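For reference, the chains in residue letters:
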Amino acid sequence: MQELARGTVKRQLASWSILCISLLATLYASLYVKTGIEEIANKQLIAACDQATLKVQDRLNIYAMILRGGGALFSATNSVSREAWRNYVRTLHADQNVPGVQGIGFAQVIPHRLAAHIARIRAEGFPDYTVRPTGERTLYTSIIYLEPFRDRNLRAFGFDMFSETVRRTAMERARDSGEAALSGKVKLVQENGKEVQAGTLMYFPVYRNDAPLATLEQRREALVGWVYSPFRMNDLMTGTLSDLSGDESKSIDLHIYDGLEQSQNNLLFDSNPSGRPRSVASFYQRRVIQFDQNTQWLLKFEKIDGISKLDYTHAWATLFAGLVISGLMFGLMRSIVNTRSNAARIAEGLTDKIGELSQRLSLATDSAKIGVWDYHVKENKLLWDNSMYALYGVSPDLFNGAYEAWQQGLHPDDRERGDREITQALNGVHAFDTEFRVVWPTGEVRYLKASATVLRNAEGEAVRMIGVNYDITERKLDEIALKERTEQLTAIFSLSPDGFVSFDEAGRVKYVSPAFSSMTGLWEDKIKGIDESRFTAKLASLCVSSQTFHGLDGLDFQVATEPSEKPRRELIELMVPKGRVLEVGLRSSNTSSISYMLYFRDVSYETEVDRMKSEFLSTAAHELRTPMASIFGFTELLLTQSFDEDNRRDLLTTMYQQSELMIKIINELLDLVRIEQRRGTDFVFRTLNLAKVVDEVIAGFKLAADRAPPVVTPPASACPISGDHTKLLQAITNLISNAYKYSPAGGEVSIKYLRVLSGKTRMFGVEISDQGIGMTAAQSARVFERFYRADPSGHIPGTGLGMSIVKEIIEIHGGRVVIESIFGTGTTVTILLPELASDQTLSLDSPAT
Amino acid sequence: MIKMLVVDDKLELRTLLKLAFQNRDDYVITEAEDGEEALTSIARHHPDIVLLDVMMPGPIDGLGVLDAIRSNAEYAGMKVFMLSARGQDRDRADAMAKGADAYFVKPFSIIKLVNTIDQTFNLAS
């Protein structure tokens, strides 16, 4: 982030630098252009200055030449007349050709005869002529000719220039050098006080014609006078500066000094005498004109504010264009920088976001124990994050990052499948989304869930595979536990004799247990999915009207969390099979998939047993009450009334018999209960010969006086069985006793043996027949009911329990009792007992009592 | 003279009742062994009181006889005492609902029975 900021600043600095540089370049270019313009102007100025200087020099030279010409005129003729001079000058047209020339004159040396000279000139027609200034001097000179001889020049006529120092210096120099000489600054005598200009004078010596001039002395000796010309400097300069073209001339000051010293005293010319401010000049040029050996003029050119007058258009254009370009460049740069910076900022934002996301992701994956892996297919490089190592229970240094290393971590049973699924994912057959087990080096087995995405190159080849693993062991174990539990429950439900019907939240039948279906005949395919009311109707239609199903509303919900409360249960009775009674309960559930469950218990047996028990009890009570009523009543009578001896005996006899009956009933009841309760556990089984047991009974049977013993048809061979001797005696005794009791009119009681095959079991049978009252089919069916008696009149004594006892005993021996009876004809009772196999009969004939 | 019919399939019980009234001149006792015999006897003798066993063999048991008596206007005012080995409340309520005048559960006090019959007819024993 900081780096990025630095980068941005850098780039911004760059853009600003570019702006500065381009501005500087612009400035430089502009200045360069300006300087160029100025240089050109300067050069032009310099050239102009040179030009002007040359002009001045030329003009001076021309003057010198004119003067030399004048001197030549004097040299050529011994005497030059005023007229000749006038002609000469007029011929020259000096006033036209050579500007600034005040006039061209001749100053004559007057040697020792001043008066004569004055006189001679006065004689020429100038009466007022005199030599001025007056006074005594060693040498007199006088301007005798000066053309044009008019105006101001008239004032110079007769002036002795030699008398004045500045002029004399120049005159002497000309005399000595034989060349033209220029004077210093003077005030010309021509000046009349108006427009006074600086003046200068040029002298050219005129010697005697044939005089030797080689030496200074000879020249001084030969000197006649001087041809001279006075200049008014301003007039002289007129025109010289016209070459300083146009406007420039006006902006340039030219000062001409006599000598190199710049002083007011020496100032010969000032082009701008009105006086512009003497500020620092932007343009300054000096030129020196060497006229003769001793005369130098300093020309000083100055430009004061001429710059503004320069044409700087190009410079400005350059500047403007430069600025525009700079601005554009800066803008461009800024734009680039901004774009870059924006891009960078976006990238930075994204980077931050990605960083944050990745941080969050890793936090999430870490805390959720999600491992992330990245498989580079071609390189066979498998990268794992830290969570992966934890998931596989290995340390990073033990994992070499190859595909095979991963495979090695898998449970042996899952390796092949895992490999296949990876291959299929890489081939694009289907996505990688699977579960497998891993075995930690510690041996611990964990369940992992895995899914992955395959990255492909442009050719569709799988290049990388990125995926996640996470631990689902807990869930898996729960699932397994749940599955086991479900299987258990399913087994319990299907094995349970109780039937279950569950309803979902919508009140539709969701599950029907097999037991329910077999109880009611309502199978799952017929009632699954039907709603509660239809279920109620269906079930109710199967019930008897007295005990029908009234639906779930009539049932108390038993909340699963309150198992202690015994819920109210309803009993329903089905029409088919008859007598099937079901107890119906209701349980509600807290789970969403099952909202409540009905359960059905077949209580037919319990109900029947209950009914039988109460019937048995009331019957038993009834059977006991009847003899008790006699005993009780007779006892009361005996106590309250007096009877004769016979009556008393009768009463007591009856009481005795009734008591005996009661005892018998009680004994047989107890016998029956004991046999039932113990189910033969108190029986002592031995190998017995059934025929022998029957013989024993017959031998011990107390016959009534008028009855014949039973007619026995002995068996063909011994009848070996396994049985309890005492119990079998009791059973057979009961049967023979019944045969006699129920044939009160007499008739034969016969006993026969038989062998039958009942199923796979061979059985011995004993058949006991009477020719008694017999029984109807209805009576026969009730023979084994307790207290049931075919003769309820009381004429045939009995408890009604005998046949029940027989049945119990024989059945405990694995046998059966069969009754055939014809009402009014007689009854045959057959008991069947399993034969003992021959190898079990070895001790058959040994004493068995 | 009170005409009494004793109906019971058990000889001992009929004997008991006869003996209980053996010294009384104000009762004339007739016996019957089952329901059919009882109805025949009732039709012939129009007894004042019937001592009726409930559980008897044959097509008509005690309650059947009771129904027959109560459904016949000729027998209006005839007293019917039930004698039964069934002592449950339901049995008693059934009999009383059918119009029995008394219900005695066996074994019962013969003295008390005699007294109750006497009181019914305002006789002293």
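What counts, and at which threshold
Residues numbered from 1 in each chain as written. Chains lettered and ligands numbered in written order. Predicted model: local features only at pLDDT ≥ 70, side-chain atom pairs only at ≥ 80, totals over all residues. Heavy atoms only, no water. Helix = DSSP H or I, 4+ residues; strand = E, 2+ residues; numbered from the N terminus. Contact = heavy atoms within 4.5 Å. Areas by Shrake-Rupley, 256 points an atom, 1.4 Å probe, with all protein chains shown as cover. Core = buried A, V, L, I, M, F, W, Y, C linked by side-chain atoms within 4.5 Å. Buried < 20%, exposed > 50% of the residue type's maximum accessible area, 1.4 Å probe, protein only. Domains from an automatic or database assignment. Buried area = accessible area lost by both parts, 1.4 Å probe. Polar contact = N/O pair within 3.5 Å; in protein donor to acceptor, adjacent residues only side chain to side chain. Nonpolar A, V, L, I, M, F, W, Y, C, P; charged D, E, K, R; others polar. pLDDT = per-residue confidence, 0-100. Pairing = 2+ DSSP bridges. Axes fitted to C-alpha atoms, helices over the stretch in contact; angles between N-to-C directions. Parallel < 35°, antiparallel > 145°, perpendicular 65-115°, else oblique. Left-handed = near helix turned anticlockwise from the far one by under 90°. Phe/Tyr/Trp six-rings, centres within 6.5 Å; stacked < 30°, edge-to-face > 60°.

**What about the overall build of chain A?**
Point 1. Each helix and strand counted, chain A has 22 helices and 27 strands in total.
Point 2. Considering only contacts in chain A between residues 6 or more positions apart, those separated by 24 or more positions represent 61%.
Point 3. Working note: accessible area of chain A is about 45,600 Å², and carbon and sulfur atoms make up 55% of it.

**What about the nonpolar core?**
Residue and element names in this part refer to chain A.
Point 1. In this structure, Leu60, Met202 and Trp297 are the most contacted members of the largest nonpolar core, which totals 71 residues.
Point 2. For this core, the element with the most residues is helix H1 (residues 2–76), which contributes ten residues.
Point 3. Here this core spans two domains, and each of domain 1 (77–237) and domain 2 (245–309) adds at least three residues to it.
Point 4. Core analysis: the next-biggest nonpolar cluster, separate from the first, contains 43 residues, Ile665, Val749, Phe764 and Met775 among them.

**So, the environment of glutamate 676 of chain A**
Point 1. Position of glutamate 676 of chain A relative to the elements: it lies in helix H18 (residues 645–678).
Point 2. Along the chain, glutamate 676 of chain A and valine 609 of chain A lie 67 residues apart, while their C-alpha atoms are 13 Å from each other.

**Points about the interface of chain A and chain B**
Point 1. Across the contact, 23 residues belong to chain A and 23 residues belong to chain B.
Point 2. When chain A packs against chain B, close to 1,900 Å² is buried across both sides, 65% of that on carbon and sulfur atoms.
Point 3. If you look at where chain A meets chain B, you find five residue pairs in polar contact (both at pLDDT 80 or more).
Point 4. Breaking the side of chain A that touches chain B down by element, the ones donating at least two residues are helix H17 (604–640) and H18 of chain A.
Point 5. Top contributing element to the side of chain A that touches chain B by residue count: H17 of chain A, with 13 residues.
Point 6. When grouped by side-chain class, the residues that make up the side of chain A that touches chain B number eight nonpolar, 13 polar and two charged.

**Description of the confidence of the model for chain A**
Point 1. Averaged over chain A, the pLDDT score is 80; the fraction of residues at 70 or greater is 89%.
Point 2. The low-confidence segment residues 841–849 of chain A (pLDDT under 50) makes 16 contacts with residues lying over four places distant or belonging to another chain.

**Points about the pairing of strand E18 (residues 570–573) of chain A**
Residues and elements named next belong to chain A.
Point 1. Only one face of E18 is buried, namely the one carrying Glu570 and Ile572, since none of Leu571 and Glu573 on the opposite face is buried.
Point 2. For E18 and strand E19 (residues 581–588), the ladder comprises four bridges, and the chain directions are antiparallel. By the bridge assignment for E19, glutamate 570 is matched with valine 584.

**Quick word on the domain arrangement of chain A**
Point 1. According to the domain assignment, chain A contains domain 1 (77–237), domain 2 (245–309), domain 3 (368–478), domain 4 (496–602), domain 5 (606–677) and domain 6 (679–840).
Point 2. The distance between the C-alpha centroids of domain 1 of chain A and domain 6 of chain A comes to 211 Å.

**Some points on the packing of helix H1 (residues 11–20) of chain B against helix H5 (residues 110–120) of chain B**
All names here are of chain B.
Point 1. At their nearest, the axes of H1 and H5 sit 11 Å apart, and the two run at 60 degrees to each other. Compared by their axis directions, H1 and H5 come out oblique. By crossing handedness, the relation of H1 to H5 is classed as right-handed. Residues Leu16, Leu17 and Ala20 of H1 touch H5, and the partners they reach there are Ile110, Leu113 and Val114.

**Re the packing of aromatic side chains**
Describing an aromatic ring pair means giving the distance of the ring centres and the angle of the ring planes.
All names here are of chain A.
Point 1. Counting across every chain of the model gives 31 aromatic pairs over all chains.
Point 2. A ring pair is formed by phenylalanine 126 and phenylalanine 157, whose centres lie 4.9 Å apart and whose planes are at 65 degrees; its orientation type is edge-to-face. Linking phenylalanine 126 in the loop between helix H4 (114–123) and strand E2 (140–147) with phenylalanine 157 in the loop between E2 and helix H5 (165–177), this pair joins segments that are 31 residues apart in sequence. Just as phenylalanine 126 is buried, phenylalanine 157 falls in that class too.
Point 3. With centroids separated by 6.3 Å and ring planes inclined at 85 degrees, the aromatic side chains of tryptophan 373 and phenylalanine 432 adopt a geometry described as edge-to-face. Residue tryptophan 373 is located in strand E10 (residues 370–376), and its partner phenylalanine 432 is located in strand E12 (residues 432–439); the two are separated by 59 residues in the primary sequence. Take tryptophan 373 and phenylalanine 432: they sit in the same class, and that class is buried.

**Details of the sheet that holds strand E13 (residues 445–456) of chain A**
Residues and elements named next belong to chain A.
Point 1. Taken together, five strands build an open sheet; the order of strands is E11-E10-E14-E13-E12 and the sheet is antiparallel. Where the open sheet ends on each side, the last strands, each with one partner, are strand E11 (381–384) and E12. The sheet shows a mean angle of 25 degrees between the axes of neighbouring strands, direction not considered.
Point 2. Note: E12 against E13, eight bridges, orientation antiparallel. Bridge pairing in E13 links threonine 434 to alanine 450.
Point 3. Sitting on the sheet, helix H12 (residues 412–426) is in contact with E12, E13 and strand E14 (462–471), with an inclination near 155 degrees to E12.
Point 4. Seen against the sheet, helix H13 (residues 473–495) touches E12, E13 and E14 and runs at an angle of roughly 120 degrees to E13.

**A word on the pairing of strand E24 (residues 750–758) of chain A**
Residue and element names in this part refer to chain A.
Point 1. Bridge count between strand E22 (residues 711–712) and E24: two bridges; the pairing is parallel. Looking at the pairing, valine 712 lines up with isoleucine 751 of E24.
Point 2. With nine bridges connecting them, E24 and strand E25 (residues 761–769) associate as antiparallel partners. Bridge pairing links lysine 752 to glutamate 767 in E25.
Point 3. In this antiparallel pair of consecutive strands, E24 and E25, the connection spans two residues, and glycine 759 shows a positive phi of 70 degrees.

**Overview of the sheet that holds strand E3 (residues 49–53) of chain B**
Residue and element names in this part refer to chain B.
Point 1. Read from one edge of the open sheet, five strands run E2-E1-E3-E4-E5, paired in parallel fashion. Each of the sheet's edge strands pairs with one partner strand only, and the pair in question is strand E2 (27–32) and strand E5 (102–105). Mean inter-strand twist for the sheet, computed between neighbouring axes without regard to direction, equals 20 degrees.
Point 2. Note that E3 and strand E4 (residues 79–84) share five bridges and pair parallel. Opposite leucine 51, over in E4, you have phenylalanine 81 as the bridge partner.
Point 3. Packed on one face of the sheet, helix H4 (residues 89–97) meets E4 and E5 and runs near 155 degrees to E5.

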